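Here's the letter readout for the chains.
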Amino acid sequence: MRFDLTKRQQEILRLVADRQPITSEEIAQQLGVARATIRPDLTLLTMAGLLDARPRVGYFTTGQGPEQVFSSLIRRRLVKEAMSRPVVIRETTSAYDAIATLFLEDAGTLFVVNEASLMTGVLSRKDLLKAAIGSGNLNEIPVHVLMTRMPHIVVCSPDEPAYDAAVRLMNTEVDALPVVEVADAHPQAGGSSPSPAYHPIGRFSKTNVVRLYTELGAVRQKGANL
Ligand code: ADP
């Protein structure tokens, strides 16, 4: 990631690093410019987290490089700020109707729920392609025989950092994670360990990550090259 601070902004950073705390009058004096001239630079450097100011004391450096600032900016965004709405179908939906839903909803991944609206599986494009090149009648194949089932579904929470979910997307090598809320724990048949039951409330896909990335890039442009 490259940050294009102006020459004067870089000079201000160096000056503050050398002489902190330093007032804006002193900075202006050192640079041989009017105080009003450097006001926008100081505002920008402060907003970017590179400088901090204490009243009646002056400016000092935060010790954070631009990369750390950008990184913490990314980590502050939550899944719920970036997710799309989920596209949900029932377990009994036919493969044919699921394919039609993919086109109609312009989604690559469908979430499958039971009659209680709890998530039971995930269906991807290739799951459906596999069925399409098979010999069966797509109208007669229910999606529950094609989908990846719980508890093998990798999920994310609306309140976790989008960055963490993006790392999970990368590691899992799938296109989308269901964003879920935990419903009541329900005991597994014959077992004592409860498995969580989820309501799908969103979809966090590679597209959402790209959108977030381009949004943050646009902020950088608007923020005078930061
Ligand atoms: P595609 O099939 O278009 O390549 P994916 O890479 O997302 O899409 O899916 C690959 C496989 O992983 C499919 O069998 C799909 O059911 C499964 N899958 C998709 N998303 C998840 C997920 N969040 N957790 C677990 N498995 C998933």
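Before any of the text, the structure's been laid out above.
None of these values were measured; they are calculated from a predicted model.

What the chain contains, in helices and strands, is nine helices and 10 strands. Buried residues in the chain amount to 39% of all 226 residues. Within the chain, counting contacts between residues at least 6 apart in sequence, those at least 24 apart form 59% of the total. Carbon together with sulfur atoms contributes 53% to the accessible area of the chain, which is approximately 13,300 Å² in total.

Relative to each other, helix α1 (residues 7-19) and helix α2 (residues 24-31) sit at 120°, their axes nearing to 11 Å. One way to sum up the angle between α1 and α2 is to call them oblique. Crossing geometry of α1 relative to α2 is assigned as right-handed. Residues R8, E11, I12, L15, V16 and R19 of α1 form the contact with α2, whose own contacting residues are I27, Q30 and L31.

Taken together, 15 residues lie around the ligand, and S124, K126, D127, T148 and D175 are the ones closest in. Side-chain polar atom of D127 to an oxygen atom of the ligand: 2.5 Å apart, as the coordinates give it. The fraction of the free accessible surface of the ligand (550 Å²) that becomes covered by protein chains is 83%. When contributions to the shell around the ligand are tallied by element, the ones reaching two or more residues are β5 (119-124), α7 (125-132) and β7 (176-182). Looking at the shell around the ligand, its residues break down into seven nonpolar, three polar and five charged.

On to the pairing of strand β1 (residues 51-54). In the sheet, β1 pairs with strand β2 (residues 58-61) via four bridges, with the strands oriented antiparallel. Looking across to β2, one finds that A53 is bridged to Y59. As consecutive antiparallel partners, β1 and β2 are separated by three residues, and within that stretch R56 has a phi angle of approximately 65°, a positive value.

On to the side chain of S24. By the secondary structure assignment, S24 is in helix α2. Accessibility expressed as a relative area gives 12% for S24, which makes it buried. There is a polar contact of 3.0 Å between the side chain of S24 and the side chain of R35. Discounting residues that sit within four places of it in the chain, S24 has contacts with R35, I38, L42 and Y59.

A word on the pattern of salt bridges. On inspection of all chains with the given rule, the structure shows nine salt bridges. Between D159 and K80 there is a salt bridge, and its shortest N-O distance comes to 2.5 Å. Pair noted here: D159 is in the loop between β6 (148-149) and α8 (162-172) and K80 is in helix α5 (residues 79-82), with a separation of 79 residues, a long-range link. Residue D159 is classed as partly exposed on the basis of its relative accessible area, which comes to 49%. Classification of K80 by relative accessible area gives partly exposed; the value is 45%. K206 serves as the salt-bridge partner of D175, at 3.5 Å between the closest nitrogen and oxygen. Within this pair, whereas D175 is found in the loop between α8 and β7, its partner K206 is found in helix α9 (residues 206-222), the two being separated by 31 residues in sequence. Residue D175 is classed as partly exposed on the basis of its relative accessible area of 35%. Through salt bridges with shared partners, one network takes in R77, E81 and E215.

Let us look at α7. Helical geometry note: an α-helix holds 3.6 residues per turn, so side chains three or four residues apart project in the same direction. Turning to α7, its buried residues are D127, L128 and A131. Projected onto a plane normal to the axis of α7, the buried residues spread over an arc of 95° and lie on a single side. Turned more than 90 degrees off the buried face of α7, the exposed positions are K126, L129 and K130. On its buried face, α7 sits against α6 (95-105), β5 and β6.

Attention shifts here to the environment of K130. You can see K130 is positioned in helix α7. Assessed through its relative accessible area of 60%, K130 is described here as exposed. C-alpha separation for the pair K130 and L146, spaced 16 residues apart in sequence, amounts to 8.5 Å.

Cut-off values and rules
- Residues numbered from 1 in each chain as written.
- Predicted model: local features only at pLDDT ≥ 70, side-chain atom pairs only at ≥ 80, totals over all residues.
- Heavy atoms only, no water.
- Helix = DSSP H or I, 4+ residues; strand = E, 2+ residues; numbered from the N terminus.
- Buried < 20%, exposed > 50% of the residue type's maximum accessible area, 1.4 Å probe, protein only.
- Contact = heavy atoms within 4.5 Å.
- Areas by Shrake-Rupley, 256 points an atom, 1.4 Å probe, with all protein chains shown as cover.
- Axes fitted to C-alpha atoms, helices over the stretch in contact; angles between N-to-C directions.
- Parallel < 35°, antiparallel > 145°, perpendicular 65-115°, else oblique.
- Left-handed = near helix turned anticlockwise from the far one by under 90°.
- Near = heavy atom within 4 Å.
- Polar contact = N/O pair within 3.5 Å; in protein donor to acceptor, adjacent residues only side chain to side chain.
- Nonpolar A, V, L, I, M, F, W, Y, C, P; charged D, E, K, R; others polar.
- Pairing = 2+ DSSP bridges.
- Salt bridge = Lys/Arg side-chain N within 4 Å of Asp/Glu carboxyl O.
- Arc of directions from axis to C-beta.

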